[in-house]
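Summary of structural features
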Amino acid sequence: MQATVIYEDGDHRWIMFGRDPNKSEGIIDTNQYLIQSGDQAILLDPGGIELFAPMLSAVLKFVPTEKITHLFASHQDPDIISSLGLWDQALPNAKLYSPWLWESFIRHFGMERIEFCAIPDEGQTISLGRIQLQFMPAHYLHSPGNFHVYDPKAKILMSGEIGGYIENNEASLYVDNMTSHMQKMRKFHQRWLPSNEAKQDWIRRVRQLDVDIMAPQHGCLFQNQQVSEFLNWLEELPVGIAVR
Ligand SMILES: [Fe+2]
Ligand SMILES: [Fe+2]
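Note that the structure is a prediction, hence the values are computed from the model and not measured.

Description of the coordination of the iron ion (ligand 1)
Coordination sphere of the iron ion (ligand 1), protein contribution only: His75 (NE2), Asp77 (OD), His142 (NE2) and Glu161 (OE), at 2.1 to 2.2 Å. Around the iron ion (ligand 1) sit 4 donor atoms, and with donor-metal-donor angles ranging over 94 to 157 degrees the site reads as irregular. We note that the donor set of the iron ion (ligand 1) lies within a single chain, spaced as H-x1-D-x64-H-x18-E. In this structure, the iron ion (ligand 1) is positioned 3.8 Å from the iron ion (ligand 2), and both are ligated by Glu161.

Brief notes about the packing of helix H5 (residues 178-192) against helix H7 (residues 225-236)
In the contact formed by H5 and H7, the axes pass within 11 Å of each other and the chain directions differ by 45 degrees. One finds that H5 runs oblique with respect to H7. H5 and H7 meet at a crossing whose hand is right-handed. Facing Met178, Met182, Met185, Arg186 and His189 of H5, the residues of H7 in contact are Gln226, Glu229, Phe230, Trp233 and Leu234. The residue inventory of the contact of H5 with H7, partitioned by class, reads 6 nonpolar, 2 polar and 2 charged.

Description of the coordination of the iron ion (ligand 2)
Ideal values for angles at a metal depend on the geometry: 109.5 degrees with four tetrahedral donors, 90 or 180 degrees with six octahedral donors. Within the protein, the atoms that donate to the iron ion (ligand 2) are Asp79 (OD), Glu161 (OE), Glu161 (OE), Gln217 (OE1) and His218 (NE2), at distances of 2.2 to 2.6 Å. Here the donor residues of the iron ion (ligand 2) share one chain and are spaced in sequence as D-x81-E-x55-Q-H.

Here's the deal with the side chain of Ser82
As for its position among the elements, Ser82 is in the loop between helix H2 (78-81) and helix H3 (84-90). Excluding residues that lie within four positions of it along the chain, Ser82 makes contacts with Gly47, Gly48, Ile49, Asp77 and Phe109.

A few points about helix H6 (residues 196-206)
Among all positions of H6, only Ala198, Lys199, Trp202, Ile203, Arg205 and Val206 are buried. End-on view of H6: buried residues confined to an arc of 165 degrees, all on one side of the axis. Those residues of H6 hidden inside the fold are in contact with strand S9 (131-137), strand S10 (147-151), strand S11 (156-158), strand S12 (213-215) and H7. A side-chain oxygen of the first residue of H6 lies 3.4 Å from the backbone nitrogen of Glu197; this N-cap is Ser195.

A closer look at the packing of aromatic side chains
Note on aromatic pairs: each is described by the distance of the centres and the angle between the planes. One pass over the full model with this rule turns up 9 aromatic pairs. Judged by centre distance (5.8 Å) and plane angle (80 degrees), the rings of Phe17 and Phe62 are edge-to-face. Placement of the pair is Phe17 in strand S2 (residues 13-18) and Phe62 in the loop between helix H1 (52-59) and strand S5 (70-72), with a sequence separation of 45 residues. Between the aromatic rings of Tyr97 and Phe135, the centroid separation amounts to 5.5 Å while the plane-to-plane angle is 45 degrees, which identifies the pairing as tilted. With Tyr97 in strand S6 (residues 95-99) and Phe135 in strand S9, this pair connects stretches of sequence that are 38 residues apart.

Procedures and definitions
Residues numbered from 1 in each chain as written. Chains lettered and ligands numbered in written order. Predicted model: local features only at pLDDT ≥ 70, side-chain atom pairs only at ≥ 80, totals over all residues. Heavy atoms only, no water. Donors = N, O, S within 2.8 Å, 3.2 Å for Na, K, Ca; no water. Tetrahedral: all angles 85-135°; square planar, octahedral: opposite > 155°, others 65-115°. Axes fitted to C-alpha atoms, helices over the stretch in contact; angles between N-to-C directions. Helix = DSSP H or I, 4+ residues; strand = E, 2+ residues; numbered from the N terminus. Parallel < 35°, antiparallel > 145°, perpendicular 65-115°, else oblique. Left-handed = near helix turned anticlockwise from the far one by under 90°. Contact = heavy atoms within 4.5 Å. Nonpolar A, V, L, I, M, F, W, Y, C, P; charged D, E, K, R; others polar. Buried < 20%, exposed > 50% of the residue type's maximum accessible area, 1.4 Å probe, protein only. Arc of directions from axis to C-beta. Polar contact = N/O pair within 3.5 Å; in protein donor to acceptor, adjacent residues only side chain to side chain. Phe/Tyr/Trp six-rings, centres within 6.5 Å; stacked < 30°, edge-to-face > 60°.

Listed below in C-alpha cells is the structure:
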C-alpha cells in the first residue's frame with residue numbers, strides 16, 4: 001500500500017493511500033484518504049475488507065489508532081466501507097459519518113463500538129482538530145444518498161466516484177494527459193451516473209468552490225486547471241446510459 005502526502009500546512013495534512021501492488025486480482029483499485037489535524041484524524045472512504053490489514057499498517061505510520069477519531073463513508077458500496085467491522089474492532093474513539101439514507105444498510109458491515117452519525121441530505125460541516133470540513137451533497141452521483149468532502153483551507157475536494165477511473169497500480173498520482181484521460185473516464189461516468197440533472201447541479205455548485213485538487217476514490221487526482229477542464233468535459237457528457 002503506497003502512502004503519499006498530498007497537502008500539508010501548519011494546521012493539517014492530507015495523505016492518500018492506494019496503488020497496492022499486493023491487491024488480489026479482480027478487486028478494483030481504490031484511493032483512501034486520511035486527514036490529520038491536531039489530535040484528530042478522519043479516514044475518508046476507508047475501503048474494502050480485503051485491504052484492511054495493509055491500510056491499518058500504512059495508516060499507523062502517520063497516526064495511532066486512538067487518534068483516528070472520525071470515519072467517513074461517502075455511500076454504501078463495499079469498495080467504500082466493507083472494512084467497517086474491522087475498523088470497529090481497531091479504533092477505540094471513532095465515529096462514522098455517512099448518509100442517513102444508508103444507516104440501516106451500512107450497519108450490515110458490522111459496527112458495535114463505532115457511533116453512527118447520520119449526515120442530513122443538505123450536508124453538514126464538522127470540526128477536525130484545527131480545521132473544518134464540509135460534507136457536500138452529491139446525491140445520485142452515483143448513489144442516491146452520497147456526499148463529497150470539501151476542505152476550504154487546503155482547497156481539496158474529495159469527489160468520490162466523480163473523476164474516477166479504474167487505474168492499474170503503476171498509474172501516476174496526478175492526471176498527466178487530460179485528453180486521453182477523458183477518453184478513459186467516459187464509459188465509467190456514463191454508466192455509473194444515473195442523472196443528468198443531478199450532474200449539472202453538482203457542477204454548478206463545485207464551480208462556486210475554490211478547488212486546487214480534486215481527489216476521486218479511484219484513479220488519478222486532478223490539479224489546478226485540470227479541475228475546470230474536467231467540469232467542462234462532464235457538463236457535455238450525457239450520463240445514465242447502459243445500452244445504446
Ligand atoms: Fe460506488
Ligand atoms: Fe467506488
